[in-house]
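This is what each chain is made of:
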Amino acid sequence: MFIECDNCSKTFEPSGLAPGADRTACPHCGDINRLPSSQQSAATTSRRKTQDAQERQLLQLRRAMFRARPVAFSLMILLLVFSIAAGIYGIAADDEASWLRDVVGYLGVFGILGGVIWWGVWYLGHLSESVKVTTHRTMHRKGLLSRHTNEVLHSHVRNLRIEQSFFQRITGIGRIVLDSSAGGGDPTAEISVPDVPQPFEVKKIIDQHRGL
């Protein structure tokens, strides 16, 4: 496409445009001219292609903890509350039944330790698994000390599905399953992650980079 210079009125074809450029110099007089909208669109497209050629991280997430196990979370909170109350009674109570006070106090201490260990194991399990989505692939990582990584290129995704129970639909979590065309149906070539927060938003991002 040729444009006419604002200064010398000579026509020329812009060349050597940098990605995202909206101005170009006239080769005849050196005056700076603004590109027409069509040229700007072409430059913007070129810039986007350059960005897409470089892999970028789009999101990183972990499995939901409390929304995925609300009953277990409620029991853990109740255990800690009653254990703390029992521990306070064991320390502060002043009555003749000292044996009862001691038993309740010890139960409170053991209950607090049990609740803390329960929460710690649960939280470590939460940290040990993550999903990362980039412009090119989806990666599923498991493990803290040892690590297992499984990844599927977006261009190889044969099927992407969301599995949700009724309760999971209410809490906004679900399982994401990616089937790889490169795996030939081999289950080890799939990514299957349960308890993913906002799974349909994750699917939308992946679909955008699958070219759908």
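First, a word on what this report is: a plain description of the structure on this page. (Residues numbered from 1 in each chain as written. Predicted model: local features only at pLDDT ≥ 70, side-chain atom pairs only at ≥ 80, totals over all residues. Heavy atoms only, no water.)

**Remarks on the side chain of serine 130**
Thinking step 1. Along the polypeptide, serine 130 turns up in strand E6 (residues 129–134).
Thinking step 2. Not counting chain neighbours up to four residues away, the residues in contact with serine 130 comprise Gln60, Leu61, Arg62, Met139, His140 and Arg141. (Helix = DSSP H or I, 4+ residues; strand = E, 2+ residues; numbered from the N terminus. Contact = heavy atoms within 4.5 Å.)

**Observations concerning the sheet that holds strand E9 (residues 157–163)**
Thinking step 1. One open sheet accounts for 3 strands, arranged E9-E10-E11; its pairing is antiparallel. Each edge of the open sheet carries a strand with a single partner, namely E9 and strand E11 (191–197). Mean inter-strand twist for the sheet, computed between neighbouring axes without regard to direction, equals 20°.
Thinking step 2. With 6 bridges joining them, E9 and strand E10 (residues 173–180) adopt antiparallel strand pairing. The partner of arginine 161 across the bridge, within E10, is valine 177. (Pairing = 2+ DSSP bridges. Axes fitted to C-alpha atoms, helices over the stretch in contact; angles between N-to-C directions.)

**Topic: helix H2 (residues 70–92)**
Thinking step 1. Counted at 1.5 Å a residue, the expected span for H2 with its 23 residues is 33 Å, and the 33 Å between its end C-alpha atoms agrees.
Thinking step 2. Turning to H2, its buried residues number three or more, namely Met76, Ser83, Ala86, Gly87 and Gly90.
Thinking step 3. The secondary structure elements touched by the buried residues of H2 are helix H3 (98–127). (Expected span 1.5 Å × (residues − 1). Buried < 20%, exposed > 50% of the residue type's maximum accessible area, 1.4 Å probe, protein only.)

**Some points on the nonpolar core**
Thinking step 1. The biggest cluster of nonpolar side chains holds 15 residues, and the ones touching the most others in it are Leu160, Ile176, Leu178 and Val202.
Thinking step 2. Looking at this core, the elements that each hand over two or more residues are strand E5 (57–62), E6, E9, E10, E11 and helix H5 (199–208).
Thinking step 3. Apart from the residues within four sequence positions on either side, isoleucine 176 is in contact with Leu160, Arg161, Ile162, Ile191, Ser192, Val193, Val196, Pro199 and Val202. (Core = buried A, V, L, I, M, F, W, Y, C linked by side-chain atoms within 4.5 Å.)

**Some details on a nonpolar patch on the surface**
Thinking step 1. A contiguous nonpolar surface patch, about 590 Å² in accessible area, is contributed by Val71, Leu75, Leu78, Leu79, Phe82 and Trp118.
Thinking step 2. At 5 residues, H2 tops the list of elements feeding residues into the nonpolar patch.
Thinking step 3. Locating valine 71 in the fold gives a position in helix H2. (Patch = residues over 30% accessible without salt bridge, like charges linked within 9 Å, V, L, I, M, F, W, Y side chains within 5 Å. Areas by Shrake-Rupley, 256 points an atom, 1.4 Å probe, with all protein chains shown as cover. Salt bridge = Lys/Arg side-chain N within 4 Å of Asp/Glu carboxyl O.)

**What about the packing of aromatic side chains?**
Thinking step 1. Within the structure shown, the criterion is met by 3 aromatic pairs.
Thinking step 2. Plain terms: the ring middles of phenylalanine 66 and tryptophan 122 are 5.6 Å apart, the flat faces sit at 90° to each other, and that makes the pair edge-to-face. Here the residue phenylalanine 66 occupies a position in the loop between E5 and H2, and tryptophan 122 occupies one in helix H3, the gap between them amounting to 56 residues.
Thinking step 3. According to the relative accessible area criterion, phenylalanine 66 is partly exposed, its value standing at 33%. (Phe/Tyr/Trp six-rings, centres within 6.5 Å; stacked < 30°, edge-to-face > 60°.)

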